[in-house]
Amino acid sequence: MNKLICPSMMCADFSQLKEEVQQLDQAGTDIFHIDFMDGVFVPNFGMGLQDFELIRKSTEKLVDVHLMIQHPAEYVERFADMGADIIYFHPEADQHPARTLDKIRAKDKKAGIAINPGTSIETIQELLPLVDYLMVMTVNPGFAGQKYLGYVDQKIEKLATLKNQHHYEIMVDGAISSERIRNLSQKGVTGFVLGTSALFGKEQSYQEIITQLKGGN
Ligand code: DX5
Ligand code: ZN
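Below or above, wherever it landed, is the structure these notes cover. (Residues numbered from 1 in each chain as written. Chains lettered and ligands numbered in written order. Predicted model: local features only at pLDDT ≥ 70, side-chain atom pairs only at ≥ 80, totals over all residues. Heavy atoms only, no water.)

## Observations concerning the packing of helix 1 (residues 17-27) against helix 7 (residues 206-215)
Filter applied, for reference: For helices, the fitted axis covers only the stretch in contact; all axes are lines through C-alpha atoms, and the angles between them, taken along N-to-C directions, range from 0 to 180 degrees. Helix numbering and strand numbering both begin at the N terminus, where a helix is a DSSP run of H or I of at least 4 residues and a strand a DSSP run of E of at least 2. Two helices cross in a left-handed way if the nearer one is turned anticlockwise from the farther one by less than a right angle. They cross in a right-handed way if the turn is clockwise. Residue contacts are defined here by distance: any two heavy atoms, one from each residue, within 4.5 Å place the two residues in contact. Asp, Glu, Lys and Arg are counted as charged, while Ala, Val, Leu, Ile, Met, Phe, Trp, Tyr, Cys and Pro are counted as nonpolar; the rest, among them Gly, fall into the polar class.
Two elements in contact, helix 1 and helix 7, have axes whose closest approach is 8 Å; the angle formed by their N-to-C orientations is 35 degrees. Crossing of helix 1 over helix 7 shows right-handed handedness. Contacts between helix 1 and helix 7 pair Glu20, Gln23, Leu24, Gln26 and Ala27 from the former with Tyr206, Gln207 and Ile210 from the latter. Of the residues contributing to the contact of helix 1 with helix 7, the split by class is four nonpolar, three polar and one charged.

## Observations regarding the coordination of the zinc ion (ligand 2)
The cut-off we apply is this: Only nitrogen, oxygen and sulfur atoms qualify as donors, and only when within 2.8 Å of the metal (3.2 Å in the case of Na, K and Ca); with water excluded, sites may look incomplete.
Coordination sphere of the zinc ion (ligand 2), protein contribution only: His33 (NE2), Asp35 (OD), His66 (ND1) and Asp173 (OD), at 2.1 to 2.3 Å. Donor residues binding the zinc ion (ligand 2) come from one chain and are separated in sequence as H-x1-D-x30-H-x106-D. Of the two residues, His66 sits in strand 3 (residues 62-68) while Asp173 sits in strand 7 (residues 169-173), which places them 107 residues apart along the sequence.

## Brief notes about empty space enclosed by the protein
Here is the rule: We place a 1 Å grid over just the protein atoms. Points where a 1.4 Å probe fits but has no way out form a cavity, open points with protein on both sides within 12 Å along at least 5 of 7 lines form a pocket, and any residue with an atom within 4 Å of a point lines it. Grid points are joined across faces, edges and corners, and a volume is the space filled by probe spheres set on the points.
A full pass over the atoms with the stated rule returns one cavity of 30 Å³ or more. For the largest cavity, the calculated volume is near 210 Å³. Ser8, Phe143, Ala144, Asp173 and Gly174 are, among the 25 residues lining the largest cavity, the residues nearest its centre. Those elements that provide at least two residues to the lining of the largest cavity are strand 2 (31-37), strand 3 and strand 8 (191-194). Looking at side-chain class alone, the lining of the largest cavity contains 13 nonpolar, ten polar and two charged residues.

## Describing the site of ligand 1
Selection criterion: Residues are labelled near a given molecule or strand when at least one of their non-hydrogen atoms is within 4 Å of it. Between N or O atoms, a polar contact is any pair within 3.5 Å; within protein, one atom must be a potential hydrogen donor and the other a potential acceptor, and residues adjacent in sequence are included only when both atoms are from side chains. Accessible surface is estimated by sampling points in the Shrake-Rupley manner with a 1.4 Å probe; for residues, cover comes only from the protein chains shown. Molecule-in-pocket calls rest on the fraction of atoms, with more than half required to lie within 2 Å of the cavity or pocket grid points.
As a structural note, the neighbourhood of ligand 1 is formed by 20 residues, with Asp35, Gly142, Asp173, Ala175 and Thr196 the closest of them. Residue Asp173 places a side-chain N or O atom 2.9 Å away from an oxygen atom belonging to ligand 1. In this structure, an oxygen atom belonging to ligand 1 sits 2.5 Å away from a side-chain N or O atom of Thr196. Burial of ligand 1 by the protein chains amounts to 100% of its free accessible area of 380 Å². When atom positions are compared with the pocket grids, ligand 1 is found to occupy the largest cavity. Those elements that place two or more of their residues in the shell around ligand 1 are strand 2 and strand 3. When the residues that make up the shell around ligand 1 are grouped by side-chain class, the tally is nine nonpolar, nine polar and two charged.

## Some thoughts on the pattern of salt bridges
For the record, the criterion: What counts as a salt bridge is simple: a side-chain nitrogen of Lys or Arg found within 4 Å of a carboxyl oxygen of Asp or Glu. Classification of residues uses two cut-offs on accessible area relative to the type maximum, computed with a 1.4 Å probe and protein chains only: under 20% is buried, over 50% is exposed, and between them is partly exposed.
In the structure shown here, the tally under the stated rule is ten salt bridges. We note a salt bridge from Arg105 to Asp132, for which the minimum N-O separation is 3.9 Å. Taken together, the positions of Arg105 in helix 4 (residues 97-106) and Asp132 in the loop between strand 5 (110-115) and strand 6 (133-137) put the pair 27 residues apart, joining distant regions of the chain. Residue Asp132 is classed as buried on the basis of its relative accessible area of 14%. Salt bridges here are not isolated pairs; linked through shared partners, they connect Asp102, Arg105 and Asp132.

## Here we look at the packing of aromatic side chains
Which entries qualify depends on this criterion: Only rings of Phe, Tyr and Trp enter the pairing, Trp through its six-membered ring, and a pair is recorded when the two centres are within 6.5 Å. The plane angle decides the type: under 30 degrees is stacked, over 60 is edge-to-face, the rest tilted. We call a charge positioned over a ring when the NZ of a Lys or the CZ of an Arg lies within 6 Å of the ring centre and within 35 degrees of the ring normal.
Applying the stated criterion across every chain, the model contains five aromatic pairs. Aromatic pair Tyr88 and Tyr133: ring centres 6.3 Å apart, planes at 65 degrees, arrangement edge-to-face. One end of the pair, Tyr88, is in strand 4 (residues 86-89); the other, Tyr133, is in strand 6, and 45 residues separate them in sequence. Feature note: the residues Phe36, Phe52 and Phe79 constitute an aromatic cluster, connected by ring pairs. Just above the ring of Tyr148 sits the side chain of Arg180; from NZ or CZ to the centre is 3.9 Å.

See the structure below:
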């Protein structure tokens, strides 16, 4: 099964961010994942615009932005203009998510929604035909290094059955270990945002880790 490896760059070593991007790029990264937070939608502050600009100009690979912010509709065009390839926002933070998805697509970018652990499929059912990527949060958003919320597995399985009727890819974000990649990949998950659980702060090199993760069935 194809596995998209998406390093969560808020977990990278910021004392050498450019080198981190180059090493992760060469190691086989598919999509660089950049978390933005406003301290309101989530009680934390993620990466800054300058971090995004540095990462964007340091790689030709895809770069996504995960907007954990209120009123994302006001910013999606700005991130598109800055070079984001995929833009995820939380429908929980947007009164007109269908319109925001149209805004992203109008900029020729891939449109994604990220849904919180407590958000049910029923509340976003009408958005399913409109998204290219569906990011299922497996932790409450805002912080790396949290524990995986097992109750989300049921929602992932339901979305996997629904995805044949639509065109979205399922991505997961939060406490994703190598074991969970194997398990969730078999359930139909395509993309894996990796932070401290599987990728950063380990003894092995990024090359070794990503090669293993892609090879594991
Ligand atoms: C959490 C972020 C994730 C997080 C993943 O709100 O969206 O990208 O950094 O890191 P780990 O794998 O440590 O949960
Ligand atoms: Zn994220």
